[in-house]
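The lines below spell out each chain.
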Amino acid sequence: MFDALSDRLGNVFDSLRGRGALKEDDVRTAMREVRIALLEADVALPVVRRFIDTVTERAIGQEVLRSVTPGQQVVKIVNDALVEMLGGDPEQGGSPEAAKLDLDAKPPVVIMMVGLQGSGKTTSTAKIARRLKETEGKKVMMASLDVNRPAAQDQLAVLGEQAGVATLPIIAGQQPVEIATRAISAAKLQSFDVLMLDTAGRLHVDEALMAEMKAVAAVSTPREVLLVVDSLTGQDAVNVAQSFTGEVPLTGVVLTRMDGDARGGAALSMRAVTGKPIKFAGTGEKLDAIEVFHPSRVANRILGMGDIVSMVEKAATAVKEEDAERLAKRMAKGEFDMNDLRMQLQQMSNMGGIGAIAGMLPGMKKAKAAMAQSGMDDKVLLHMDAIIGSMTPKEREKPQLLNARRKKRIAAGSGTQVQDVNKLLKMHQEMAKAMKQIKKMGGLKGLGQLFGKGGLGAAMPGLGGGGGMGGGMPGLPGGGDIPPELQNLLKKK
């Protein structure tokens, strides 16, 4: 989503970093470029003005202009201001980390989902319910109060089956307030921890919509009221948020379609406009495609600093523990065959593919752009998997058996070219070589827990380096340089 903004800001900061000293005029010129970049990203004008004023005031201070690395200091100031804009300002009750759902109440805790029709409210309801069940061990029930949209209640029932979450049985003819009352009674009787109410939406904000929501809120007394907005609607999403803020006691925002090609203005403006934290971001159609919104991590992604912590979290969910342990043992022996490579490719796909991973690695913005320019996308992973699938079990275990005749057969069977087979073999050789180096270093000791159960290295030791994708993880710092939040995350494994 933030690619265009990230590129513009990257160019501005590259020019600042190239100077030994900064004058006040240099800072003001750079801020003008930043202002244009934010406006082009569809950020609300009052938010842009406040942001630029804050950054300029801090950046023209003597400690920056006289700093040894003034360019880097300005980048840090912009990063801090971005975190504040996204909801991490302590003075406004924010935090650089995620704003959690308030579930500290007598069960069932009611979460009410509101928003316009087509914003992704029903799907987001199922995603959050699944997340509460999977990650927090909550017993969750969902109820659809949408009696206007055809098959809306059936849609939630289907999503509930897919997510493994209970849904309130449908009774035809009941109105939203009646459904909410019945849902609360059912949740109490069946000892549910959380009750999620998916309210009806309209095509635009009107009195009928607000009256219905107030009536539902009156009978259900929700602990959380989450506004679901489609980030692709840009400034209109901000206008919708303003309309709801004045009518309903919102506690947070859920942004959908954060994986789309929107300019990002909605995300950057939402906290400033509503005064409420963005709690979740939808990143795809699947039920597991939802992330907790961390202001500091999103700011890092925008400025091309990467987001290693989120990548480790994705790896932890994508990698099966038994697979990670099996690979760790083989790595300790310096072993790595085509079956291992295939497992790595599948795990990369589960984590969102090459582009998603590259976008989270520090300093990989240019590499990601080069990949896009060269036409390298996630089809490459499918082609590689097809090549390995066309090998016999013996060939997968011993790739050195592959001669010219066998390569031709594999290429024909996978619908690829012999040179594609050769590229894959070269990638495997590079990764196998890395495994042997790990063995010489004393196994996994020197790499810490990154190669442990569900760890980052276990998920994909072959990203970056020579030959396109082989040769080990780029830019992975030593243990002492690993961010504190990443160290904490790894300790939990």
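Right above here is the structure, for reference.
Quick caveat, the model's predicted, so the values are computed rather than measured.

Caption draft 1: Focus on the environment of R149. With respect to the secondary-structure elements, R149 resides in the loop between β2 (140-144) and α7 (152-163). Residue classification places R149 among the partly exposed positions, given a relative accessible area of 26%. A sequence separation of 52 residues divides R149 from G201, and the C-alpha atoms of the two residues are 8.4 Å apart. Contact partners of R149, with chain neighbours within four places excluded, come to Q117, T122 and Q155. Looking at R149, its side chain comes within polar contact range of the side chain of Q155, at 3.0 Å.

Caption draft 2: View of the packing of helix α10 (residues 235-245) against helix α11 (residues 265-274). For the pair α10 and α11, the least separation of the axes is 9 Å and the interaxial angle reads 20°. The orientation of α10 with respect to α11, classified from their angle, is roughly parallel. Note on packing geometry: the crossing formed by α10 with α11 is right-handed. Residues Q235, A237, V238, A241, Q242 and T245 of α10 lie in contact with α11, whose contacting residues are A266, S269, M270, V273 and T274. Split into classes, the residues belonging to the contact of α10 with α11 amount to 6 nonpolar, 5 polar and no charged.

Caption draft 3: The arrangement of the pattern of salt bridges in detail. For the coordinates displayed, the defined rule picks out 9 salt bridges. Across the pair D146 and R149 runs a salt bridge whose closest N-O atoms are separated by 3.5 Å. A salt bridge links E395 to R406; the shortest N-O distance between them is 2.9 Å. Pair noted here: E395 is in helix α19 (residues 393-397) and R406 is in helix α20 (residues 404-414), with a separation of 11 residues, a long-range link. By relative accessible area, which is 26% here, R406 ends up partly exposed.

Caption draft 4: Local environment of the packing of aromatic side chains. What the rule picks out here adds up to 0 aromatic pairs. In this structure, K139 is placed above the aromatic ring of F192, and the distance from its NZ or CZ to the ring centre is 4.7 Å.

Caption draft 5: Fine view of the environment of L156. Of note, L156 is situated in helix α7. Accessibility expressed as a relative area gives 1% for L156, which makes it buried. Contacts of L156, omitting those with residues within four sequence positions, involve T122, T125, M142, A143, S144, T167 and D198.

What counts, and at which threshold
- Residues numbered from 1 in each chain as written.
- Predicted model: local features only at pLDDT ≥ 70, side-chain atom pairs only at ≥ 80, totals over all residues.
- Heavy atoms only, no water.
- Helix = DSSP H or I, 4+ residues; strand = E, 2+ residues; numbered from the N terminus.
- Buried < 20%, exposed > 50% of the residue type's maximum accessible area, 1.4 Å probe, protein only.
- Contact = heavy atoms within 4.5 Å.
- Polar contact = N/O pair within 3.5 Å; in protein donor to acceptor, adjacent residues only side chain to side chain.
- Axes fitted to C-alpha atoms, helices over the stretch in contact; angles between N-to-C directions.
- Parallel < 35°, antiparallel > 145°, perpendicular 65-115°, else oblique.
- Left-handed = near helix turned anticlockwise from the far one by under 90°.
- Nonpolar A, V, L, I, M, F, W, Y, C, P; charged D, E, K, R; others polar.
- Salt bridge = Lys/Arg side-chain N within 4 Å of Asp/Glu carboxyl O.
- Phe/Tyr/Trp six-rings, centres within 6.5 Å; stacked < 30°, edge-to-face > 60°.
- Lys NZ or Arg CZ within 6 Å of the ring centre and 35° of its normal.

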